[in-house]
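Results of the structural survey
In case you want the letters, here they are:
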Amino acid sequence: MSSALTDLCRFPIVQAPMAGGVSVPQLAAAVSGAGGLGFLAAGYKTADGMYQEIKQLRGLTGRPFGVNLFMPQPEHAESGAVDLYAHQLAGEAAWYGTELGDPDSGRDDGYDAKLAVLLDNPVAAVSFHFGVPTPEALDSLRRAGTFTLVTATTAEEARAVERAGADAVIAQGVEAGGHQGTHRDVPENDGAGIGLLALVAQVREAVSLPVVAAGGIMRGSQIAAVLAAGAVAAQLGTAFLATPESGAAAPHKQALTDPLFTRTELTRAFSGRPARGLVNRFLREHGPYAPAAYPEVHHLTAPLRKAAARTGDAQGMALWAGQGHRLARELPAARLVEVLAEELAAASTALSAKEEGR
């Protein structure tokens with residue numbers, strides 16, 4: 001690992017920040033305490049809500065941890081398309097006995113206020129999704145002692161991350177669960193994502209920044225593979241989703257290995273932005289018609305998703321999951337870090353022995 005990341009975690013294992021209540025302080029504390037780098041997800045929270053979680057996490061561990069921010073989104077959605085989708089979802093609202101959300105509930109996710117909190121109360125690492133912060137913001141965080149990472153899904157995006165002055169780039173392959181961290185939401189590019197190993201190689205040749213690999217990683221042998229490909233660490237989300245410390249709803253955790261859910265797809269059905277989830281009824285029925293309108297669609301469907309979770313209806317929930325979801329293990333988060341580290345060590349030893357035997 002690069003020396004800066006080595007200072008933050010013993011093992012090259014980063015717990016992905018999963019918004020929507022999954023990456024709670026208990027999960028981040030367990031991962032950091034076991035030698036990984038735990039992350040809180042500030043997305044969809046208020047600045048004060050984020051601050052309260054940081055305080056709680058600091059009470060649980062003295063180890064370094066990170067916070068993830070969503071970048072503000074440009075206005076590009078057509079109101080007519082959002083209205084049409086709302087009309088289509090009227091039956092869902094009636095079924096769950098709830099109202100649809102207000103699509104105009106906000107576009108910037110409280111970004112400026114959250115950044116101000118993180119400058120006043122610095123954490124070890126801050127990562128960014130859905131775009132690139134300004135060089136001034138990244139420089140301010142660096143002067144506060146914070147290590148910065150920005151998600152990229154192409155080599156071109158990685159070059160933009162380097163130009164802005166981030167400390168590292170998170171190369172997110174198309175296998176990743178949840179939202180793709182593309183810098184611009186271009187509907188014409190739907191389905192054109194790059195696989196992780198190919199992406200890591202492209203990013204390594206495009207930039208000189210340390211690369212953290214993300215997308216479908218569930219085993220220590222896969223961590224060894226991305227390290228061999230040139231990454232300095234691996235970021236895992238779905239692997240930690242099933243842990244007891246995860247804040248994911250029980251039906252979501254159970255669905256990861258339920259034979260009823262056979263595959264994942266990238267869909268706009270729940271948020272208006274491409275995100276990978278288990279294929280369920282909601283995704284099948286509404287995915288083909290969902291507009292490119294984030295965060296309008298996210299706000300619109302929020303009450304539906306919450307109602308489905310309350311009733312335990314996995315067919316109406318956003319079951320975010322990466323392509324490796326069938327490999328999920330219901331281990332305590334700290335134990336999972338230990339097992340991943342053991343698997344990584346075994347894979348690395350086997351690789352070294354094979355090279356020596358040539």
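The structure this text deals with has already been given above.
Per chain, the residues get numbers from 1 upward, laid out in the order the sequence is written. The predicted origin of the model limits local features to residues at a pLDDT of at least 70 and limits the giving and counting of side-chain atom pairs to 80 or more, whereas totals for whole chains, interfaces and linings rest on all residues. Neither water nor hydrogens contribute to the side-chain values; these are computed over all heavy atoms in the structure.

Orientation is described by lines fitted to C-alpha atoms, with helices fitted over the stretch in contact, and by angles between N-to-C directions that extend from 0 to 180 degrees. The secondary structure listing takes helices from DSSP runs of H or I that are at least 4 residues long and strands from runs of E that are at least 2 residues long, numbered from the N terminus. Running from N to C, helix H2 (residues 25-33) and helix H3 (residues 47-60) point in directions that differ by 40°, and their axes come no closer than 9 Å. The orientation of H2 relative to H3 falls into the category oblique. Note on packing geometry: the crossing formed by H2 with H3 is right-handed. Packed against H2, whose contacting residues are Pro-25, Gln-26, Ala-28 and Ala-29, the element H3 presents Glu-53, Gln-56, Leu-57 and Leu-60 at the interface. Split by residue class, the contact of H2 with H3 holds 5 nonpolar, 2 polar and 1 charged. An angle below 35 degrees is treated as roughly parallel, one above 145 as roughly antiparallel, one from 65 to 115 as roughly perpendicular, and anything else as oblique. Handedness of a crossing follows from how the near helix is turned relative to the far one, being left-handed for an anticlockwise turn of less than a right angle and right-handed for a clockwise one. Contact definition: two residues touch when any of their heavy atoms are within 4.5 Å. Under this grouping Gly is polar, as are all residues other than the nonpolar Ala, Val, Leu, Ile, Met, Phe, Trp, Tyr, Cys and Pro and the charged Asp, Glu, Lys and Arg.

Turning next to the pairing of strand E6 (residues 168-172). Taken across its 5 residues, E6 has 5 buried, putting it largely inside the fold. Residues of E6 alternate between two faces, with Ala-168, Ile-170 and Gln-172 on one and Val-169 and Ala-171 on the opposite face, all of them buried. Pairing of strand E5 (residues 147-152) with E6 involves 4 bridges; the strand directions are parallel. When the sheet's bridge partners are listed, Thr-151 is paired in E6 with Ile-170. Every crossover in which the path from the first strand over the helix to the second runs clockwise, viewed with the strands pointing away from the viewer, is termed right-handed. Handedness of the crossover joining E5 and E6 through helix H8 (residues 155-164) is recorded here as right-handed. Per-residue accessibility, obtained with a 1.4 Å probe over protein chains only, is compared with the maximum for each type, and a residue is labelled buried under 20%, exposed over 50%, and partly exposed between these values. In this description, strands pair whenever DSSP reports at least two bridges between them.

Left-over empty space is what a probe sized like a water molecule reveals as it rolls over the atoms. The definitions used throughout rest on a 1 Å grid laid over the protein atoms alone, on which a cavity is an enclosed set of points accommodating a 1.4 Å probe that cannot get out and a pocket is an open set flanked by protein within 12 Å on both sides along at least five of seven lines; lining residues are those having an atom within 4 Å of a point. Grid points are joined across faces, edges and corners, and a volume is the space filled by probe spheres set on the points. Taken as a whole, the second largest pocket holds about 420 Å³ of empty space. Contributing to the lining of the second largest pocket are 20 residues, with Thr-153, Thr-154, Glu-157, Thr-182 and Asn-189 lying nearest its centre. With 3 residues, H8 is the largest single contributor of residues to the lining of the second largest pocket. Of the residues assigned to the lining of the second largest pocket, the class counts are 7 nonpolar, 8 polar and 5 charged.

Glancing now at the sheet that holds strand E10 (residues 264-267). Strand pairing within a sheet occurs via backbone hydrogen bonds; the two strands may be parallel or antiparallel. Read from one edge of the open sheet, 3 strands run E7-E11-E10, paired in antiparallel fashion. Because the sheet does not close on itself, it has two edges, and the strands there are strand E7 (178-179) and E10. In terms of strand pairing, E10 meets strand E11 (residues 275-278) through 4 bridges, oriented antiparallel. Following the sheet pairing, Thr-264 is matched in E11 by Leu-278.

On to the packing of aromatic side chains. Two aromatic rings, drawn from Phe, Tyr or Trp (for Trp, its six-membered ring), form a pair once their centres lie within 6.5 Å of each other, and the interplanar angle then sorts them: stacked below 30 degrees, edge-to-face above 60, tilted otherwise. What the rule picks out here adds up to 6 aromatic pairs. The rings of Tyr-44, Phe-70, Phe-130 and Tyr-294 are connected pair by pair, giving a single aromatic cluster.

Here the focus is the sheet that holds strand E4 (residues 125-129). Taken in spatial order, the 8 strands line up as E1-E9-E8-E6-E5-E4-E3-E2 in an open sheet, and their pairing is parallel. The sheet is open, and its two edges are formed by strand E1 (13-15) and strand E2 (38-41), each paired on a single side. The average angle at which neighbouring strand axes cross in this sheet is 25°, direction not considered. Looking at chain direction, strand E3 (residues 65-70) and E4 are connected through 5 bridges and run parallel. What sits directly across from Gly-66, in E4, is Ala-125. Sheet strands touched by H2: E1, E2 and E3. Its angle to E2, the strand with the most contacts, is close to 160°. Lying over the sheet, H3 contacts E2 and E3, oriented at roughly 165° with respect to E3.

Together, Glu-75, Asp-83, Asp-102 and Asp-104 give the surface a local cluster of negative charge. Tracing the sequence through the fold places Asp-102 in the loop between helix H5 (90-96) and helix H6 (111-120). Judged by its relative accessible area of 44%, Asp-102 is partly exposed. Patch membership is restricted to residues that have no salt bridge and whose relative accessible area is over 30%. Joining uses 9 Å for like charges and 5 Å for the nonpolar side chains Val, Leu, Ile, Met, Phe, Trp and Tyr. Residue-level accessible areas treat just the shown protein chains as cover; the underlying method is Shrake-Rupley with a 1.4 Å probe. Think of a salt bridge as a Lys or Arg side-chain nitrogen and an Asp or Glu carboxyl oxygen that are within 4 Å of each other. Within this scheme the basic residues Lys and Arg register as positive and the acidic residues Asp and Glu register as negative, but His and the chain ends are omitted. For this purpose, a charge sits on NZ of Lys, CZ of Arg, CG of Asp or CD of Glu.

Right, let's talk about the pairing of E4 for a bit. Of all 5 residues in E4, 5 are buried; the element is thus mostly enclosed. Burial along E4 is two-sided: Ala-125, Ser-127 and His-129 facing one way and Val-126 and Phe-128 facing the other are all buried. In this structure, E4 lies alongside E5, joined through 4 bridges in parallel fashion. Note that in E5 the partner of Ser-127 across the bridge is Leu-149. Remark: the E4/helix H7 (residues 135-143)/E5 crossover connection has right-handed handedness.

Quick look at the pattern of salt bridges now. This structure, assessed with the given rule, holds 14 salt bridges. Linking Arg-142 and Asp-167 is a salt bridge whose minimum nitrogen-to-oxygen distance equals 3.3 Å. Of this pair, Arg-142 sits in helix H7 while Asp-167 sits in the loop between H8 and E6, placing them 25 residues apart in sequence. Judged by relative accessible area, Arg-142 falls into the partly exposed class, the value being 34%. One salt bridge connects Arg-281 with Glu-285, and the closest N-O pair in it is separated by 3.1 Å. Here Arg-281 and its partner Glu-285 are both found in helix H13 (residues 281-286), 4 residues apart, which amounts to about one turn of the helix. A single salt-bridge network, built from bridges that share partners, covers Asp-139, Arg-142, Arg-143 and Asp-167.

Before going further, it helps to spend a moment on the packing of H2 against helix H15 (residues 333-356). Angle between the axes and distance between the axes are the two parameters that describe a pair of packed helices. Put simply, H2 and H15 touch, their axes get as near as 8 Å, and they point 35° apart. Two packed elements cross with a definite hand, and for H2 against H15 that hand is right-handed. Seen from H2, the contacting residues are Leu-27, Ala-30 and Val-31; seen from H15, they are Ala-333, Ala-334 and Val-337. A breakdown of the residues in the contact of H2 with H15 according to their chemical character gives 6 nonpolar, no polar and no charged.

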